[in-house]
Amino acid sequence: MTTQPAHIGDITPEGLAKLRALVGVELRGMQQFNDYATSDTIRHFAWGMGDGNPLWSDKEYAAKTRWGRLVAPPLFVETGRKVMSVGLPGVHALWAIDELEFFLPVYEGDQIVTTTRVLAVKERQGRFSGTFIEQQMEHMYRNQRNEATCRRVQTVFRTPTRGGRAKGKYSGIEKTKYTPEMLERIFDEMFKHERRGNVPRYWEDVQVGEQLSPLVKGPLSEQDMIAAYVGIGATAGMVGGLELYHKFRMRHKSWSYTNPETGLIEAPARVHSQDWMARDIGAPGAYDNGSQRITWLSQLATDWMGDDGFLKHHRVELRRFNAIGDTTWCRGKVVGKSVKDGEHRVELEIQAVNQRDEITAPGHAIAVLPSRGSGPVKLPAKPL
C-alpha cells in the first residue's frame, strides 16, 4: 500500500501548468555538495564509484601526466548543485537520460559554479506507469574563471507514485542467488579489466570495431551505495540530517514517505536502499542511483582512452532498474573515427548489461585522442 495521501503523487492539470511556467527560469536549487574540487572530494568521488585511476587520486602520478596535477573524473560535476526535478509535488522522478558535453577538465583547486533551468516539459504515455511527464533540465558547470567545463541535459520521467506499481512491469523479477562459483567467475572478469593509463592511445592506432576492455561492477550491495553517496552526496544528504532534514521536509510536505514498518518519515532517495519504497513505485527492489551507471560507463571510456585522452561527449539512457544484488558488465566498441575542428575523435558505443543479459543502460561517447601527426589533445574546446 502507498504511504502517502491519495492526492499526493498525482499529475494534475494545475501542477503541470505550474511546471510549464518554469521553463527557461534559472532555478535556485539545493546547497551544493561540493563547492570545490579538492584532492579529498575528487578521491572520495572516484573511489566511491570504484574507479582506482591514479590520475584522480595520486598527486605524484598526476604531476607527471600532460595535465600536470590532479584532475577529476568527468562525472565529478555531478557533485555540484542538484536540481533533478521541480514542480509536481510528490510525483516521483525517474532519471532516464543523461547527455553531457565536456569542454575543460576540472582540476584540483577549481571551484564548481552551477546554474540550472528547465528546458522542456512533455506529456507522454508509457508501459511502466501510463501517463507520465518528460522533464528536461539543463545544468551548466563553470569554474572560478567563468569558463564552461560541462553542459549537461538531464531527462527525468515524472511518474505517478502508484502508477508503476499498478502496472507490475517488474513483478516477476527475483533477486539473483549467487553461488561461490558464480562469484569467482565475476571477480575473475572484474580483475582482468585493463586501464590504459600513461601509455598514450593514438588516434591513428584505433580500429573501427575494436572492443573496449569490459568493466565489471557488482554485485551491487548496500555497502557500494554508501560508498557512492560519500562521493556524490545523496538527495537527503544535500539538505543535511536529523533536524536539518526535518526542517526541510516540513517545508516540503509532499516530499517524504512514512515507513509502514517503523512509522519513521523517510526521504524519497530511500528508494535506493529500501525495498518497500522502491516497490511502491513499481521497481523490483532498492536500486542504484542513476549517476552510478552513468559514471561507470564514463570510466569504461576513460580507462580505454588513457590519461592523454579527453572525454568530449557522453550520453547514457537508463532503461531498466539496476537493483541491489545485480551485477553490471560495462561494454563498448569503436564505431567511428573522424577529424573535426582539429580534434581527432573516436566514437564509442557503450552499454551496461546485467546478469540476466538485459541491457539496462545503452549509450554513446566521443573521446578525443592524441595524434601521431598532430600532437596532443588541444584544450580548451569551445562550448557548442
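Here's a quick rundown of the structure. The shown structure was predicted, so the numbers you read here are calculated from the model rather than taken from an experiment.

Describing the overall build of the protein
A tally of helices and strands in the protein yields 10 helices and 12 strands. Expressed as a percentage of the 384 residues in the protein, the buried residues total 54%. For the protein, restricting intrachain contacts to residue pairs at least 6 apart in sequence, the fraction spanning at least 24 positions comes to 73%. Total accessible area on the protein stands at roughly 17,500 Å², and carbon and sulfur atoms take up 52% of it.

A word on the pairing of strand β3 (residues 113–126)
Here strand β1 (residues 26–27) runs beside β3; their pairing, made up of 2 bridges, is antiparallel. Residue pairing for β3: L27 is matched across the bridge by T116. With 13 bridges joining them, β3 and strand β4 (residues 130–142) adopt antiparallel strand pairing. Residue pairing across strands places G126 opposite G130, the latter belonging to β4.

Some thoughts on the sheet that holds strand β9 (residues 310–317)
Taken together, the 10 strands give an open sheet; going across it, the order is β1-β3-β4-β5-β2-β9-β12-β11-β10-β6, and neighbouring strands pair in antiparallel fashion. The two strands at the open ends of the sheet, each matched to only one other strand, are β1 and β6 (215–217). Bridge count between β4 and strand β5 (residues 148–159): 10 bridges; the pairing is antiparallel. Across the sheet, residue Q135 finds its bridge partner in β5, namely V156.

A few points about the nonpolar core
F76, L297, W304, V346, L348 and L369 are the most contacted members of the largest nonpolar core, which has 57 residues in total. The element best represented in this core is helix α10 (residues 290–305), accounting for 7 residues. For V346, the residues in contact, after removing those within four places along its chain, are W203, V206, W304, V334, G336, K337, A365, I366, A367 and L369. Within the second largest apolar cluster, 11 residues are counted, among which are W276, M277, A283 and Y287.

Brief notes about the pairing of strand β2 (residues 92–102)
Buried residues dominate β2, accounting for 10 of its 11 residues. In this sheet, β5 lies alongside β2 in antiparallel orientation, the contact comprising 10 bridges. Residue pairing in the sheet places D98 in a bridge with Q154 of β5. One ladder, built from 5 bridges, connects β2 with β9; its direction is antiparallel. Bridge assignment links D98 to a residue of β9, and that residue is V316.

Some remarks on helix α1 (residues 13–20)
Listed as buried for α1 are G15, L16 and L19. Across the axial projection of α1, the buried residues extend over an arc of 100 degrees, all falling on one side. Among the exposed residues of α1, those pointing more than 90 degrees away from its buried face are P13, E14 and K18.

Describing the pattern of salt bridges
With the rule as written, the count across this model stands at 27 salt bridges. One salt bridge in this structure joins E101 and K312, with 3.8 Å as the shortest N-O distance. Note that E101 is positioned in strand β2 and K312 in strand β9, a separation of 211 residues in sequence. The residues E101 and K312 share a single accessibility class, namely buried.

So, unusual backbone geometry
Of note, the amide linkage connecting G218 to P219 takes the cis form, showing an omega dihedral of -5 degrees. Turning to its location among the elements, P219 is positioned in the loop between β6 and α7 (222–232). Of note in the backbone geometry, N146 takes a positive phi value of approximately 65 degrees without being a glycine. As for its placement among the helices and strands, N146 is situated in the loop between β4 and β5. With relative accessibility at 59%, the residue N146 sits in the exposed group.

What to know about helix α8 (residues 243–251)
Those residues of α8 that sit buried are Y245, F248 and R249. End-on view of α8: buried residues confined to an arc of 95 degrees, all on one side of the axis. Turned more than 90 degrees off the buried face of α8, the exposed positions are E243, K247 and R251. Where α8 is buried, its residues meet β8 (265–266).

Rules behind the numbers
- Each chain carries its own residue numbering, running from 1 in the written order of its sequence.
- Side-chain atom pairs in this predicted model are given and counted only at pLDDT of 80 or more, local residue features only at pLDDT of at least 70, and totals for whole chains, interfaces and linings cover all residues.
- Side-chain metrics rest on all non-hydrogen atoms present in the structure, leaving aside hydrogens and water.
- What counts as a helix is a DSSP run of H or I of at least four residues, what counts as a strand is a run of E of at least two, and both are numbered from the N terminus.
- In this scheme, a residue with accessible area under 20% of its type's maximum is buried, one over 50% is exposed, and one in between is partly exposed, where area comes from a 1.4 Å probe on protein chains only.
- In this description, contact between two residues means that some pair of their heavy atoms is separated by no more than 4.5 Å.
- Accessible surface is estimated by sampling points in the Shrake-Rupley manner with a 1.4 Å probe; for residues, cover comes only from the protein chains shown.
- DSSP calls a pair of strands paired once it identifies at least 2 bridges connecting them.
- For our purposes a nonpolar core is just a set of buried Ala, Val, Leu, Ile, Met, Phe, Trp, Tyr and Cys residues, chained together by side-chain atoms within 4.5 Å.
- What the arc covers is the set of directions going from the helix axis to the C-beta atoms.
- Each reported salt bridge corresponds to a side-chain nitrogen of Lys or Arg within 4 Å of a carboxyl oxygen of Asp or Glu.

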